[in-house]
Amino acid sequence: MKTISVKAVKRADFGKKAAKAVRREGMIPCVLCGNGETVAFSVDPREIKPLIYTPNSYIVELDIDGRKEQAVMRDVQFHPVKDYPMHVDFFRVLPGKPVAIDVPVKIVGNSEGVKLGGKLTVQKRKLRISGLVENLPDFLEVDITNLGIGKSIFVGDLKYDNLTLLTPATTSVCAVIMTRAARGAAA
């Protein structure tokens, strides 16, 4: 899995007043949790922009005042009106322990149903998986070559080595639906 390096500054104050003061300085307040230790820090919005505004998933290498930490981004809180990030939560990645992360789905192949006039719809763009950091892929390939009209691929149908799918097995990943043109041709 790809990594992104982010420089951060540790902060000593916690709470609403401290977070507002950090935002007034033009920074984003952040928290790193995991392994029984919580670290509060702030990040320049330009540092974190490539991490937030992308469909990809990354392992984040945080440099908090010289101390390096590996983490995954858990949650981003946005301003309700102006839509800029107000707070970011990170979860610490420990070597030898599995990590849960959302990974994008990549559709591969040309469906039989699409060739016959159906329309491919993708219901899940990302799936939650769990695995060791060294086994995490950049994306999950889903082959749709044998998918006919009216058929779906569910999470329970997918299997990957060294990974556990945490998304419920009954969740539909993609389907080929009948279009009006295909219905008219069939009649």
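Rules and cut-offs
Residues numbered from 1 in each chain as written. Predicted model: local features only at pLDDT ≥ 70, side-chain atom pairs only at ≥ 80, totals over all residues. Heavy atoms only, no water. Salt bridge = Lys/Arg side-chain N within 4 Å of Asp/Glu carboxyl O. Helix = DSSP H or I, 4+ residues; strand = E, 2+ residues; numbered from the N terminus. Buried < 20%, exposed > 50% of the residue type's maximum accessible area, 1.4 Å probe, protein only. Polar contact = N/O pair within 3.5 Å; in protein donor to acceptor, adjacent residues only side chain to side chain. Contact = heavy atoms within 4.5 Å.

(A) Up close: the pattern of salt bridges. Taken as a whole and judged by the stated rule, the model has seven salt bridges. Salt-bridge contacts for Glu69 lead to Arg92; the nearest nitrogen and oxygen are separated by 2.9 Å. A residue pair is termed long-range when its members are at least 10 positions apart, and Glu69 in strand β5 (residues 67–78) and Arg92 in strand β6 (residues 85–92) qualify at 23 residues. In the salt-bridge network here, residues are joined through shared partners; they are Glu37, Arg67, Glu69 and Arg92.

(B) Main features of unusual backbone geometry. The backbone of Asp83 shows a phi angle near 60 degrees, a positive value even though the residue is not glycine. Note that Asp83 resides in the loop between β5 and β6. Unusually for a residue other than glycine, Asn162 sits at a positive phi of about 60 degrees. With respect to the helices and strands, the residue Asn162 is situated in the loop between β11 (152–154) and β12 (164–165). Using a relative accessible area of 57% as the deciding quantity, one classes Asn162 as exposed.

(C) Geometry of the side chain of Arg92. On the basis of relative accessible area, Arg92 is assigned to the buried category, the value being 6%. In this structure the side chain of Arg92 is engaged in a polar contact, spanning 2.5 Å, whose partner is the backbone oxygen of Gly34. Here the side chain of Arg92 touches Glu37 through a polar contact of 3.3 Å, landing on its backbone oxygen. Arg92 has contacts with Leu32, Cys33, Gly34, Asn35, Glu37, Val39, Arg67, Glu69, Gln70 and Ala71, leaving out every residue within four places of it along the chain.

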